2 protein chains.
Amino acid sequence: MADKGLPLARRVAEVAPFHVMELLARARELEAQGRSIVHMEIGEPDFPTAKPICDAGIRVIETGNLFYTPALGLPELRAVISRFYRERYGVEVPASRIIITAGASGALLLAIAMLINPGDEVLMADPGYPCNRNFVRMMGGVPAEIAVGAESAYQLLPEMVARQWTPRTKAVMVASPSNPTGTLMPEESLRAIASIARGRGGAVIVDEIYHGLVYENAYTTALKFSADVFVINSFSKYFNMTGWRLGWMVAPEGCVRELDKLSQNIYLSAPTPAQHAALAAFAPETLAILEERRAEFKARRDFLVPALRGIGFRIPVVPQGAFYIYADCSALSRDSFAFARDLLETAGVAITPGADFGANAAERHVRFAYTNAIPVLAEGVKRIGEFVGQRQ
Amino acid sequence: MADKGLPLARRVAEVAPFHVMELLARARELEAQGRSIVHMEIGEPDFPTAKPICDAGIRVIETGNLFYTPALGLPELRAVISRFYRERYGVEVPASRIIITAGASGALLLAIAMLINPGDEVLMADPGYPCNRNFVRMMGGVPAEIAVGAESAYQLLPEMVARQWTPRTKAVMVASPSNPTGTLMPEESLRAIASIARGRGGAVIVDEIYHGLVYENAYTTALKFSADVFVINSFSKYFNMTGWRLGWMVAPEGCVRELDKLSQNIYLSAPTPAQHAALAAFAPETLAILEERRAEFKARRDFLVPALRGIGFRIPVVPQGAFYIYADCSALSRDSFAFARDLLETAGVAITPGADFGANAAERHVRFAYTNAIPVLAEGVKRIGEFVGQRQ
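What you see is a predicted model, and the numbers here were worked out from it, not measured in a lab. (Residues numbered from 1 in each chain as written. Chains lettered and ligands numbered in written order. Predicted model: local features only at pLDDT ≥ 70, side-chain atom pairs only at ≥ 80, totals over all residues.)

Draft legend 1. Local environment of the overall build of chain A. Per the secondary structure count, chain A includes 13 helices and 12 strands. A globule of 392 residues ought to have a C-alpha radius of gyration of about 21 Å, and chain A, at 21 Å, matches this closely. Based on the C-alpha atoms only, the size of chain A along its principal axes is roughly 60 × 55 × 55 Å. Buried residues in chain A amount to 55% of all 392 residues. Counting contacts in chain A only where the partners sit at least 6 residues apart, residues at least 24 apart contribute 74% of the total. (Helix = DSSP H or I, 4+ residues; strand = E, 2+ residues; numbered from the N terminus. Rg over C-alpha atoms; globule rule 2.2 N^0.38 Å. Buried ≥ 20, exposed ≤ 12 C-beta atoms within 10 Å, placed from the backbone. Contact = placed C-beta atoms within 7 Å.)

Listed below in structure tokens is the structure:
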């Protein structure tokens, strides 16, 4: 039909494809030809799911009883997450406000569907996670992107939010730690932004998807000082459960009923094997494994930041969390997409060009993911160093 | 925030809650008080997932390698489904057109997001599956519901589609077997409707979610005579994999690239444990189990239709598939919702009121699901018979 001219909805053209997918497809082609490729583009932990989590998943599958759960999620899992907020953050979050979703994607879709009318604006940082823009566009909203740089650690500042807020603004989205920059938003900023939004009758959506993967800094959840933010979290990153497709949202109490209705329609319920498996995600033996992995991520970051600086990348802010380094490559290239493409073809290293995260100085930036062991990262750095040396 | 007056998006109010959820919540309350409730409201097979499917799921979880799959799905699973179309229907459907989704819900969301602009109309039968209306509304579209009755076996007729098609109509949705009526659309109708839509530049979305659960009639897939329909299918019903959250869509070849882009944004990928488990869904030993279960569903239908008729329900069309009976209760009550509520309170039987499926004569209809063993259904019939007898 499309090939015969079936007109697609406008949102299809408005949703930008991920440039990294083109590079990834090319990388797979090269690998099929026998080339060795070092992957530094993939936003997925390289660790297998921890054994206690797998064991819990297997136990429920052995029963064969894999029916729908309530749309808001397995009550036991909501209770376990509530306890986790108490134990890790010292915050009381009643289970009734915790909604289990099909990945953080499901939570973002729910939050945007809940809040955004066609024409409504949503403030967000550029660079930022590309799906956020696309969820807003899918619901007819307008992503109002605010350029952020190293000066604010690539985070929104309260004065930016206040200045850019218009009568059409309906919400502001923040992420801490951020993808692609790995930086944290200071608690004072988050408090101030929440207060600005509240004063103007808007919502705050806080992406805490990379919580747990923070390396030195103290950090807390936005739930500590506000019961009326929407917090998005995920079992994919810290908990290494990407393919299980499980996340959660903490919503203001007054929205839960409507979110229940929307989730019944949008996805019925999150995957049952994943929900049972996740019951083991907060057990001490699981957390011990995850904390070892966090230490490994930290070691990778501590290796990679100076190594990349040593071959000409500018990294003005050392990332404090997640598993990304957002690097300025302008000393090496004026076109980060061409740079990424050439690097892949010539040196066999895959990275993500800045264009996937927004328009703000995208041509001067690339993102490295340290989702590989240090020897692999070292090989990547060696190849990039040679590639850069040959071009100069 | 909502409780302090955060305005929610208009679509939230437009999405109707499922009345059955209120009844289900009340049923759970009564059960918690020790009352015995016969559940005839639940649209979910009562069978556990077949062992070969569970075993395949367990095998992949034992490896711990539960990473994202490509957004379009595990290539092996797409290939297996392609082979299934060849073997079961004698139709060539290339794997490249098969998109694995997070349940049929994910497929419906993708299809509507792909096709429908705000203000576009989508033709559909009333009564029909309630989420269809809500997906259309969520994307700003207008569900244009066409009243259907027993005369057309509750299915759209080509002349209805031709008559109701307006310049704003963008697509027509059909379901065979249908939820809530269990009826099939004749192949000639489907062909004619596809031809009308094609002639007017619109799309056809065919819900084949209950395929496999058809009891005597021959039936085929819309893919047999058109490569430009969108076919939605699911592992939930025939394959008894509800909680795994897995479905698929077959799309016109020219749309796959754009659907890839949308699915990358909306859900990243369908659950990995489910995709590996589903590789075993088409194995002969699995199909043997599923065919036994189909025979059991048929026996339940053959028990329940005359039993319900015997206590005063009109069932003008014997359902040919799915696990539902759509019954006219007007000889027993003028308000099917009040009837369902009273039946639950007085007799402890839960059924679904017609209002969940549309507005067309909803007050005269209820839906029975035969997702329980015959002795349970018999107890339900006995209780309903006594309830009805006392009221007369």
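Additional details are given in the paragraphs that follow.
Draft legend 2. View of helix α13 (residues 374-391) of chain A. Residues and elements named next belong to chain A. Here α13 is 18 residues long and its end C-alpha atoms lie 25 Å apart, about the 26 Å a rise of 1.5 Å per residue gives. Along α13, the residues that are buried comprise Leu377, Gly380, Val381, Ile384 and Phe387. End-on, the buried residues of α13 take up no more than an arc of 130°, which puts them together on one face. More than 90 degrees from the buried face of α13, the exposed residues found are Pro375, Gly389 and Gln390. In this fold, the buried residues of α13 make contact with β1 (38-39), α11 (284-310), α12 (336-347) and β10 (349-350). (Expected span 1.5 Å × (residues − 1). Arc of directions from axis to C-beta.)

Draft legend 3. A look at the domain arrangement of chain A. All names here are of chain A. Domain parsing of chain A yields domain 1 (2-48 + 286-391) and domain 2 (51-282). On a C-alpha basis, the centroid separation for the pair domain 1 and domain 2 is 24 Å. Ranked by residue count, the leading element in the side of domain 1 that touches domain 2 is α11, at 7 residues. Each residue belonging to the side of domain 1 that touches domain 2 can be placed in one class, and the counts come to 17 nonpolar, 7 polar and 8 charged. (Domains from an automatic or database assignment. Nonpolar A, V, L, I, M, F, W, Y, C, P; charged D, E, K, R; others polar.)

Draft legend 4. Region of the structure containing the interface of chain A and chain B. Counting residues at the interface gives 66 residues for chain A and 67 residues for chain B. Contributing elements (two or more residues each) for the side of chain A that touches chain B: α1 (10-14), α3 (51-63), α5 (103-115), α6 (130-138), α9 (256-266) and α10 (272-278) of chain A. For the side of chain A that touches chain B, the residue count by class is 37 nonpolar, 17 polar and 12 charged.

Draft legend 5. Structural view of unusual backbone geometry. A cis amide bond links Ser176 of chain B with the next residue in sequence, Pro177 of chain B, at an omega value of -10°. Looking at the element boundaries, Pro177 of chain B is found in the loop between β5 (169-175) and α8 (187-199). Between Asn179 of chain B and Pro180 of chain B the backbone carries a cis peptide bond, its omega angle lying at 20°. One non-glycine residue, Leu268 of chain A, adopts positive backbone phi at about 65°. One can find Leu268 of chain A in the loop between α9 and α10. Residue classification places Leu268 of chain A among the buried residues on the basis of 24 C-beta atoms within 10 Å.

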